[in-house]
Amino acid sequence: MGIGELDREAHVAEGTGAGAAPRTLAEALRARGDEGLAALLRARPDLLNPVPNDLTQLATRAGTRGSVVRALERLDRFALQTAEALAVAPDPAPYPVLRALLTGDEGDPAIEAALPGAVALLREQALVWGEDDRLRLVRTARELLSPSPQHPSPTGLGPTVAEATSGMSPGRVQEIIAAAGLAATHDPVSAVAALTGLFTDRARMGAFLDGAPPEALAVLDRLVWGPPYGEVTANPAPPVRWLRDRGLLLPVSARTMVLPREVALHLRGGRAHRAPEPVAPEVGVLRDHRPQVVDGAAAGQAYTALATVEELLKSWDKGGPQVLRAGGLSVRDLRRTAVALDVTEQVAAFWLELCHGAGLLASDGEADERYAPTPAYDDWLDLPPAERWARLVTPWLASTRTPGLVGGQDAKGRALSALGPDLDRAAAPEVRHRVLGLLATLPPGAAAEPETLFARLRWERPLRGSAVGTAGSGDDGPGPARPDDLRSRLARWTLAEAELLGLTGRGALSAPARALLNLPLAEAASPADEGGGVEESVAAERAATLLAPLLPEAVDHVLLQADLTAVAPGPLRRPLADALAVLADVESKGGATVYRFTPGSVRRALDSGLAASDVHEFLAAHSRTPVPQPLAYLVDDVARRHGHLRVGAASAYVRCDDDTVLGEILADRRSAPLGLRRLAPTVLAAQADPASLLDGLRAMGYAPAAESAEGDVLVTRADAYRTPARTAPVPVPDGPPAPDATLLGAAVKAIRAGDRAATAVRREPAAPAPAGSLPRTSSAETLATVQAAAMTGSAVWIGYVNADGAASQRVIAPVRVEGGFVTGYDHTADEVRTYPLHRITGVAELADDQV
């Protein structure tokens, strides 16, 4: 007989009335209301996939190892300490025993006030069940949290006396109780009970330890808070022998002794934990700023972020670095990107991952695969600056990519590269929202003290932060987080990245960031991941609206100077910025950008199809100062020489109407790598390809122009290379998604209906069928019973075999029987269904109290 049948028999025999104490987790769940079941499924969404058939199946699934580990990892520190205390308490444990383990002999008002809430949380998540006089930790959780030599408990406690003496000879047990001053017993069970009674009696145990040597008490002091195990020699010292002889230390092997749990609890004053933490640590304030200062600083950094992204992707307009065979960017290319952006390699990796996560950067998918901007980048450039910022930070909040790991190694010792395949960490979005949510709890303009922030995060999720950041990833169960665990590092990276993006200014949360997180703007709020309300797109629009007035206004002019430079007094409007980027090189950036005109930059503009007159008109139209004479001379001089030489494909050739110029090129030693030879007075042939020939002649100081096969000058426009249409990467989920209210309501309804059918009490037939089997009746009996039920409006229990041969039991209320089919309300499926009569194996009436 299976677990389900046993549970149903117990349910039938005794019922689950309001006054009956539950004997199983399934009965405890059955006694809950719909809101209680919904709360369980909301807190543990993994239980919903697939929806359990009934409450017995739900209880079984809630006790599986993977599900329990995930639930434990989402407990705060005090709830976890409560579960750990239950794991070392007797099973079942009355509430006063649990309270004594947490408060100790002296009591603690803060713990006593927080304990009911912790127990209620554990009950809600089905980790604890039973009334207050019989609290039970689910078996899997007890196995994970109970002390053992392989997995010490965070409480630092060891095994009980009974557990430590389980393999000890009866004679040795009698020797121990005799040395402890106890009367001899007739069997080892009563002897162990007597020794346990001594160790748990505070008055007798205190008097007993008063006679212990000081050296022996010092040994106990070293073990009392854990670990409770100690190595001993074959001939232990007298203090250790004194403790061993009286059972205060018990052997677990030839060289290892353990401090029994009862002794440790007495020495601790009854407290299971050295430092219970019933109250979450407060996030400290590092410094205060005026909110206007914070918003201004954040807006300035937001503008810098937009400029950095634009600069990065513009430098890859013709195609970026190659993709490594294993995926990602090489160390050399990352270093070059960092130098180009004038940032560290770690920050360069962040900008690359940001662009990739926003769908602005991807691989082109060609045989010689390279990174390049996507078509979405061009659409992004056309947006107003505030909306461009929102398009960057919104995917960052949800991204599971962790650029902070770049440069490290994975579990197999392989290097982690930027844009590589192994940078996803499922915990990243939760940590980002939580860090920003905690910043939002501070007064506007207040910057958090980082260490207190990290301490708060560790209190909220003490078991999270393994190397992979995935719940239930190993077989060893949960373990405590360290100060350098992944969750803490994610928090540090979040603070740095939020500052780079302009979500924070001077360490404090800005008003646009509050709007993006759907938080109130004027006062502290609850964490973003606990809030609800507007959709993500609406929140992003609100954030952009708040940021727009804070960004510097774009200008449509520059200031030309006599030293061949142009100063942009602010961010330039898009057409002007694009045109000036072709005509001049950026010399310095900051509040005002300085551009420098060089022969190469002017030639680049002429290559794009502009004439010298076009350049003069452009400069005169967009400069608030007269065009300096040196700049006009530079443009005319480059234009006069531009196209004088023509380069085409032979493999490549150079032609010029002035044969003396070709003679100068041949005589120049720098032309040797090009493999030039004269074909005619005005034509040179080259072994190099046209692109290399153009670059070589330009390096020699000439201004050649490329020409087509027809002899026309090729215009090199600033058309950018783009990848095919690409979608932004999808974040790796951290377990099943949280169910919405509609799904929860439907799931609870289905589970209730299935449970009613599974636990329905049936009238026993004359010849009882084997337990768990389908009812068996003849076709005539089946037809007569369902017809009678349809006439009286009563419900019946049927056995049914579907077209696939799967058998099931159902409770239906027939409403129509005709044509070989019975139509009725199926209480199991909670809907009206039609069943062929020939597939019904049998039918039985429900008991009178179930009708």
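What you see is a predicted model; the values in this text were computed from it and never measured.

Reading the values: rules and limits
- Residue numbers run consecutively from 1 along every chain, following the written order of its sequence.
- For this predicted model, a pLDDT threshold of at least 70 governs which residues receive local features, and a threshold of 80 or more governs which side-chain atom pairs are given and counted, while totals over whole chains, interfaces and linings are taken from all residues.
- Only hydrogens and water are removed before side-chain values are computed, so all heavy atoms of the structure are retained for them.
- The salt bridge criterion pairs a side-chain nitrogen of Lys or Arg with a carboxyl oxygen of Asp or Glu, the two atoms within 4 Å.
- Only protein chains enter the calculation, and the probe is 1.4 Å; a residue is then buried if its accessible area is under 20% of its type maximum, exposed if over 50%, and partly exposed in between.
- Secondary structure elements follow DSSP: runs of H or I of four or more residues count as helices, runs of E of two or more count as strands, with numbering from the N terminus.
- Strand pairing is defined by DSSP finding a minimum of two bridges between the two strands.
- Any two of the Phe, Tyr and Trp rings considered here, Trp counted by its six-membered ring, make a pair once their centres fall within 6.5 Å; the pair's planes then place it as stacked at under 30 degrees, edge-to-face at over 60, or tilted in between.
- Here, expected helix span is obtained from the residue count minus one, scaled by 1.5 Å.
- We call two residues contacting when some pair of their heavy atoms lies within 4.5 Å.
- Think of a 1 Å grid over the protein atoms and nothing else: a 1.4 Å probe that fits but is trapped marks a cavity, an open set flanked by protein within 12 Å on at least five of seven lines marks a pocket, and residues with an atom within 4 Å of a point count as lining.
- Grid points are joined across faces, edges and corners, and a volume is the space filled by probe spheres set on the points.
- We call Asp, Glu, Lys and Arg charged. Ala, Val, Leu, Ile, Met, Phe, Trp, Tyr, Cys and Pro are nonpolar, and the rest, Gly among them, are polar.

Quick word on the pattern of salt bridges
A full pass over the atoms with the stated rule returns 38 salt bridges. Here Glu27 and Arg23 are joined by a salt bridge, their closest N and O atoms 3.7 Å apart. The exposure class assigned to Arg23 is partly exposed, which follows from its relative accessible area of 40%. Across the pair Glu277 and Arg77 runs a salt bridge whose closest N-O atoms are separated by 3.3 Å. A residue pair is termed long-range when its members are at least 10 positions apart, and Glu277 in the loop between α16 (261-267) and β6 (285-288) and Arg77 in helix α6 (residues 77-88) qualify at 200 residues. Looking at Glu277, the relative accessible area reads 29%, which means it is partly exposed. Because the salt bridges share partners, they merge into one network encompassing Arg172, Glu175, Arg244 and Asp245.

Side note on the pairing of strand β18 (residues 677-680)
The pairing of β18 with strand β19 (residues 683-686) spans three bridges and is antiparallel. The residue of β19 that forms the bridge with Ala680 is Val683. Joining the antiparallel neighbours β18 and β19 is a turn of two residues.

Some words on the packing of aromatic side chains
Summed over all chains, the structure comprises four aromatic pairs. Note on Phe208 and Trp242: the rings are 6.2 Å apart at their centroids and 25° apart in plane angle, and the pair reads as stacked. Of this pair, Phe208 sits in helix α13 (residues 202-210) while Trp242 sits in helix α15 (residues 238-245), and the two are 34 residues apart along the sequence. Neither residue differs from the other here; Phe208 and Trp242 are each classed as buried. Between Tyr377 and Trp380, the aromatic rings sit 6.0 Å apart at their centres with planes inclined by 25°, giving stacked as the arrangement. With Tyr377 and Trp380 both in helix α20 (residues 375-381) and three residues apart, the pair spans about one turn of that helix. Note on Trp380: relative accessible area 3%, which makes it buried.

Here we look at helix α34 (residues 779-792)
Compared with an ideal rise of 1.5 Å per residue, which puts 14 residues at 20 Å, α34 spans 20 Å between its outermost C-alpha atoms and is within 8% of the ideal. Buried residues along α34 sit in contact with β21 (796-801), β22 (807-818), β23 (821-826) and β25 (840-845). Trailing α34 by a residue or two, Gly793 shows a phi angle of about 75°, which is positive.

Remarks on empty space enclosed by the protein
What the rule picks out here adds up to five cavities of 30 Å³ or more. For the largest cavity, the calculated volume is near 90 Å³. Taken together, Phe350, Glu353, Leu354, Gly357, Ala358, Pro395, Trp396, Ser399, Arg401, Pro403, Arg432 and Glu497 make up the full set of residues lining the largest cavity. Only α19 (345-357) and α21 (385-398) provide two or more residues apiece to the lining of the largest cavity. The element best represented in the lining of the largest cavity is α19, accounting for four residues. Looking at the lining of the largest cavity, its residues break down into six nonpolar, two polar and four charged.

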